[in-house]
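This is what each chain is made of:
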Amino acid sequence: MKDQSDLRSARAIRFLLTATVLLVVTSGVEAVAIRRTRADLQALRSERDAAVVGVATSWTRQPIDETSRALRWLDDFDRDPAAGFGRSGGACPDGRLDQQGIAEGLGIFLSARASGKSANASIDTLRSTLMRTDRYRAVHPAQAAPTANNGR
């Protein structure tokens, strides 16, 4: 009977030892996987940061004269009654700067420039975007391009 009990104890000890070894190996594999995942995550964060810096850098590299030309075009478009919005003050109706309109216009222009379009092509993008607005449709219902549902 003692032999039977010793045999069971030995089996139980072997089982526990095997389970312990398997758990230690599994823990080691998991630790390596976690380290690799952390390294990959850090690499992705670095790539994202580099991409953000790249986008910001491309925006800041835009020549001031091109941006100034786009602002003048936007002001002229705001003033032009035949093809634009026909506002008497242009970008400054009633003597007050239309900050929202200018910000939206510059956003369109600078995004186009940052995507690699030329200054002229970026102004064309600005024009076509403005001609799709509800505001332009209200002023020129026959000339308005298909809607984009943004009402600058």
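Look above for the structure.
In this report, we go over the structure that sits alongside the text. Bear in mind that the values here come from a model prediction, so they are computed numbers and not experimental data. (Residues numbered from 1 in each chain as written. Predicted model: local features only at pLDDT ≥ 70, side-chain atom pairs only at ≥ 80, totals over all residues. Heavy atoms only, no water.)

**Brief notes about the overall build of the chain**
Counting secondary structure elements, the chain contains 5 helices and 0 strands. Listing every helix and strand of the chain by position from the N terminus yields α-α-α-α-α. The 152 residues of the chain split such that 26% are buried. Nonlocal contacts in the chain, meaning residues at least 24 apart in sequence, comprise 47% of its contacts between residues at least 6 apart. Only carbon and sulfur atoms are counted for the fraction: they give 59% of the accessible area of the chain, which is about 10,600 Å². (Helix = DSSP H or I, 4+ residues; strand = E, 2+ residues; numbered from the N terminus. Buried < 20%, exposed > 50% of the residue type's maximum accessible area, 1.4 Å probe, protein only. Contact = heavy atoms within 4.5 Å. Areas by Shrake-Rupley, 256 points an atom, 1.4 Å probe, with all protein chains shown as cover.)

**Description of unusual backbone geometry**
Here Asp 94, not a glycine, exhibits a phi torsion of approximately 60 degrees, which is positive. On the secondary structure map, Asp 94 appears in the loop between α2 (64-79) and α3 (99-114).

**As for the packing of α2 against helix α4 (residues 119-130)**
Contact geometry for α2 and α4: axes closest at 11 Å, N-to-C directions at 30 degrees. Accordingly, the angle class assigned to the pair α2 and α4 is roughly parallel. Our pair here, α2 against α4, has a crossing hand that is right-handed. Across the interface between the two elements, Glu 66, Arg 69, Ala 70, Trp 73, Leu 74 and Phe 77 from α2 touch Ala 119, Asn 120, Ile 123, Leu 126, Arg 127 and Leu 130 from α4. Broken down by class, the residue content of the contact of α2 with α4 amounts to 8 nonpolar, 1 polar and 3 charged. (Axes fitted to C-alpha atoms, helices over the stretch in contact; angles between N-to-C directions. Parallel < 35°, antiparallel > 145°, perpendicular 65-115°, else oblique. Left-handed = near helix turned anticlockwise from the far one by under 90°. Nonpolar A, V, L, I, M, F, W, Y, C, P; charged D, E, K, R; others polar.)

Such coordinate-based values are descriptive only and should not be taken to indicate function.
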